[in-house]
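# Notes for the structure review
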Amino acid sequence: MHGGCASFVDMIPNPAFLLLHGLFFMIAAYFALRLFQAGESAIGWLFLLYAGGQLSYFVYHLNITTIMFSHVLAETMNVVAFLTLFFAFVRRIVVLRSR
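To keep things clear, this report deals only with the structure shown in the data block.

Moving on, we come to the environment of Glu 75. Looking at the element boundaries, Glu 75 is found in helix α4 (residues 67–97). Here the alpha-carbon distance between Glu 75 and Gln 54, two residues 21 residues apart in the chain, equals 9.9 Å.

As structure tokens, this is what we get:
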């Protein structure tokens, strides 16, 4: 063992990661659904993209993909989600100031 945080994480059983990423996926997907139903599609996309990132990590723990692929995919979805949130707020500010 090398010590540090990596050795601690290696001791966590794989099903724990599956449980956590599965739970985070379900919560984010539920929030996305509710936001789309409420007509808040921009913020709904944020949660849908976050759910996609969690799904990416989930399939890594099922040994379907490599960690680098899953991590890059998840982080890309997170960046797009944050950009979506930023532009949704900018749009709302512009609309409010134009009134």
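All right, on to the side chain of Ser 56 then. One can find Ser 56 in helix α3 (residues 41–61). A residue is classified by how much of its surface remains accessible, and Ser 56, at 5% relative accessible area, is buried. Not counting the four nearest positions on each side in its chain, Ser 56 is found in contact with Thr 65, Ser 70, Leu 73 and Ala 74.

Their axes nearest at 8 Å, the elements helix α2 (residues 14–37) and α3 cross at an angle of 160 degrees. Relative to α3, the element α2 lies roughly antiparallel. The chirality of how α2 crosses α3 is left-handed. Split into classes, the residues belonging to the contact of α2 with α3 amount to 19 nonpolar, seven polar and no charged.

What follows is about the pattern of salt bridges. Considering all chains together, one arrives at one salt bridge under this definition. The closest approach of N and O atoms between Glu 40 and Arg 92, which form a salt bridge, is 2.0 Å. Here Glu 40, found in the loop between α2 and α3, pairs with Arg 92, found in helix α4; they are 52 residues apart in sequence, far enough to count as distant.

As a further point, take the packing of α3 against α4. Helix packing for two helices is described by the angle between their axes and how far apart those axes are. Axis separation between α3 and α4 bottoms out at 8 Å; the angle between their running directions is 175 degrees. When the axis of α3 is compared with that of α4, the two are roughly antiparallel. Here the contact of α3 with α4 is composed, by residue class, of 17 nonpolar, seven polar and three charged.

About the criteria used
- Residues numbered from 1 in each chain as written.
- Predicted model: local features only at pLDDT ≥ 70, side-chain atom pairs only at ≥ 80, totals over all residues.
- Heavy atoms only, no water.
- Helix = DSSP H or I, 4+ residues; strand = E, 2+ residues; numbered from the N terminus.
- Buried < 20%, exposed > 50% of the residue type's maximum accessible area, 1.4 Å probe, protein only.
- Contact = heavy atoms within 4.5 Å.
- Axes fitted to C-alpha atoms, helices over the stretch in contact; angles between N-to-C directions.
- Parallel < 35°, antiparallel > 145°, perpendicular 65-115°, else oblique.
- Left-handed = near helix turned anticlockwise from the far one by under 90°.
- Nonpolar A, V, L, I, M, F, W, Y, C, P; charged D, E, K, R; others polar.
- Salt bridge = Lys/Arg side-chain N within 4 Å of Asp/Glu carboxyl O.

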